[in-house]
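Reading the structure
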Amino acid sequence: MESKKKLRVFGRCPDLGLSTRALTLAPDLTLRRLKLSFLPQSLLSQTLTLDSLYFCLNGKPLPDSSSLAAAGIPNSSALTLRLRLRGGGGDGGATGAESRDCYLNMYATKKPDKVDPNETRLSKWTTCALSAEPLVPPCVIDRLGNLFNKEPLVEALLHKKLPKEFSHIRGLKDMIPIHLTPIPSAADSETKFQCPITGQEFNGKYGFLVIRGCGHVLSVKALKEVESSTCLVCHKEFSNMDKIVINGSAEEVRALREMMEEERGRLKGRKEKKVGTCLSGTKHAINEKDGTLDDRKKDGGGKRFKAVDMMPAHATKEVYASIFTSSKKFDFQETFTCRSLPLGRN
């Protein structure tokens, strides 16, 4: 039988402080026997055992039962003897939890995802506040500065499905049509609108206002740089009451709400006053004493209208006046004929 060629192996054990040794070994030698021949007897006599050590080749651990040839160890290779670490690797050690339930609950409770404030801000300025769809003209704004696509808002009003947070929108009068200026060649960008004067993007980084009279959307910077009481686009006059802040802060929304309630109160008082004026009039009455038609209006000493003023010629005043007066009870005389007829009594 032909003998096998022996291998030259370099063994080292840095964990135990042993230096590198060059060994010439037979290919059928097992790694367990190699450990016995490589380690001094003084180490094995202590608490250190063979199972706590293992050989590795290029960082790959090798089983003790395999031979040098079976492990695929080439000639002139370097084997490293390492200490095997115990615990923390699913070997039944401590998990850091008091019980299994606590350990499972740590992973069962899903932590909420962190919300990016930049995405929240951009979504508020580029999507409809009701449908969360991208803003597409025609667009409207309410009295508190919320942006909407007109079609879904009208449908929600018709079907009475408007959320409670938008309960202040009662009809079309509470929707203000707005004119958004598109950005040229901004099809792929999330921001599609800008200020027509300064060119600032409509993305929430800059303040914007809506002029209620004309509906043009302008940046705050444009209105500060050009002080004018007319719109910078259509030159229509407006006042401070006509400015609506878009997506304003809590204080700005509170001021807009107070302004809205005050305006509704004035409008309600105006309607009640108008209705009261219409119902305060009295019917024309006839003066039964002199047969005149009295309209009960005080015109500051002016002459009142009398029916006898329009009396035809050759007519008797008393007879003509009786047309506009009712019969008086004391002038009625009961006779035998009317007593026998129920109609006469009535």
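The structure under discussion appears in the preceding block.
Reading guide: rules and limits
Residues numbered from 1 in each chain as written. Predicted model: local features only at pLDDT ≥ 70, side-chain atom pairs only at ≥ 80, totals over all residues. Heavy atoms only, no water. Pairing = 2+ DSSP bridges. Helix = DSSP H or I, 4+ residues; strand = E, 2+ residues; numbered from the N terminus. Axes fitted to C-alpha atoms, helices over the stretch in contact; angles between N-to-C directions. Contact = heavy atoms within 4.5 Å. Core = buried A, V, L, I, M, F, W, Y, C linked by side-chain atoms within 4.5 Å. Buried < 20%, exposed > 50% of the residue type's maximum accessible area, 1.4 Å probe, protein only. Salt bridge = Lys/Arg side-chain N within 4 Å of Asp/Glu carboxyl O.

The strand order across the open sheet built from 3 strands is β7-β6-β8, with neighbouring strands paired in antiparallel fashion. Two strands in the sheet have a free side with no partner beyond their single neighbour: β7 (147-149) and β8 (176-178). Recorded for the sheet is a direction-independent mean angle of 40° between the axes of neighbouring strands. Note that strand β6 (residues 139-141) and β8 share 3 bridges and pair antiparallel. In the sheet register, Val-140 faces β8, and the bridge partner there is Pro-177. Where helix α5 (residues 150-158) meets the sheet, its contacts fall on β6 and β7, and the angle it forms with β7 comes to roughly 85°.

On to the nonpolar core, then. Looking at soluble globular proteins, one finds that nonpolar side chains tend to be buried together. Ranked by internal contacts, the top residues of the largest apolar core, which has 35 residues, are Ile-141, Ile-178, Phe-202, Val-217 and Ile-246. Top contributing element to this core by residue count: strand β11 (residues 208-211), with 4 residues. Leu-34, Phe-55, Leu-79 and Leu-81 belong to the second-largest nonpolar core, a separate cluster that totals 16 residues.

Right, let's talk about the pattern of salt bridges for a bit. If you walk through the whole model with that rule in mind, you get 5 salt bridges. Salt-bridge contacts for Glu-263 lead to Arg-143; the nearest nitrogen and oxygen are separated by 3.4 Å. One end of the pair, Glu-263, is in helix α7 (residues 250-279); the other, Arg-143, is in the loop between β6 and β7, and 120 residues separate them in sequence. We classify Glu-263 as partly exposed; its relative accessible area is 25%. Arg-143 sits in the buried class, given a relative accessible area of 14%. For Asp-174, the salt bridge identified is with Arg-264, shortest N-O distance 3.2 Å. Here Arg-264 lies in helix α7 and Asp-174 lies in the loop between α5 and β8, a separation of 90 residues in the sequence. Take Asp-174 and Arg-264: they sit in the same class, and that class is buried.

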